[in-house]
Amino acid sequence: LASVRDRSAPRRDVELRVARFMQLCAGQSCVPSTDESAILIAALGRNNLWSQALRLYATMRADEVASGSAPSLITCNAAINACRRGRQWEHAVVLAADMQDRGVAMDAVGFSMLMSATV
C-alpha cells in the first residue's frame with residue numbers, strides 16, 4: 001500500500017498498483033480491510049480516477065454481506081471526495097444517500113466534500 005500512497009507517482013502507475021493489489025487479494029481470497037480500501041479509494045480519487053474508486057467502493061458494498069466489514073466513514077468520505085475531484089456530484093449524492101440508508105452518520109468532513117462536489 002505504500003506504493004499506492006506515493007503522491008508523486010504518475011496517474012497510470014497508481015491505477016496499475018491498485019489493480020495489482022486487488023488481484024493479489026482476489027488470488028488469496030481476501031477482502032481488503034476498510035482501512036486498505038480507504039487508502040486505495042483516496043489514491044484513485046487523488047489521481048482523478050473516480051470511476052475506478054466507485055468500482056472499488058461498489059465491490060466493498062457487494063462483499064459487505066460475505067465479509068461482515070462495511071465501508072467505514074473514512075472509506076465513504078474517500079469515495080465522496082473522489083467524486084468531488086472528478087466533478088461527479090450526482091454520484092457523490094448517491095453515496096451520501098447510501099450512507100444514510102445504512103445508518104452511517106456523515107461527519108463535517110464528508111458533508112463539506114459533498115457540498116463542494118455540488119458547486
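Placed above this text is the structure.
The residue count restarts for each chain, going from 1 along the sequence in the order it is written. Note on the predicted model: pLDDT of at least 70 is required for a residue's local features to be given, and 80 or more for side-chain atom pairs to be given and counted; whole-chain, interface and lining totals, by contrast, use all residues. The basis for every side-chain value is the complete set of non-hydrogen atoms in the structure, without hydrogens or water.

Draft legend 1. Region of the structure containing unusual backbone geometry. Even without glycine at this site, Asn48 takes up a positive phi of about 60°. Burial classification: accessible surface area is computed with a 1.4 Å probe over protein chains only, and a residue below 20% of its type maximum counts as buried, one above 50% as exposed, and the rest as partly exposed. Looking at Asn48, the relative accessible area reads 36%, which means it is partly exposed. Phi is positive for Arg87, close to 60°, though the residue is something other than glycine. Only runs of H or I of at least four residues qualify as helices and only runs of E of at least two qualify as strands under DSSP, and these elements are numbered from the N terminus. Relative to the elements of secondary structure, Arg87 occurs in the loop between α5 (73-85) and α6 (89-101).

Draft legend 2. Fine view of the pattern of salt bridges. Only one rule defines a salt bridge in this text: a Lys or Arg side-chain nitrogen within 4 Å of an Asp or Glu carboxyl oxygen. Considering all chains together, one arrives at two salt bridges under this definition. Residue Asp98 pairs with Arg61 through a salt bridge whose shortest N-O separation is 3.0 Å. You can see Asp98 sitting in helix α6 and its partner Arg61 sitting in helix α4 (residues 50-67), a full 37 residues away along the chain. Here Asp98 falls in the buried class, since its relative accessible area comes to 17%. A salt bridge links Arg102 to Asp98, with the nearest nitrogen and oxygen atoms 3.3 Å apart.

Draft legend 3. Expanded view of the nonpolar core. The definition of a nonpolar core used throughout is a set of buried Ala, Val, Leu, Ile, Met, Phe, Trp, Tyr and Cys residues joined through side-chain atoms within 4.5 Å. Grouped together as the largest cluster of nonpolar side chains are 26 residues, with contacts concentrated most on Ile41, Leu44, Tyr57, Ile80, Ala92 and Leu95. Listing elements by their share of this core, those giving two or more residues are α2 (11-27), α3 (34-46), α4, α5, α6 and α7 (108-117). Per-element tally for this core: the top contributor is α5, with six residues. A contact between two residues is defined here by any heavy atoms of the two lying within 4.5 Å. Those residues in contact with Ile41 that sit more than four places away from it in its chain are Ala53, Leu56, Tyr57, Thr75, Ala78 and Ala79.

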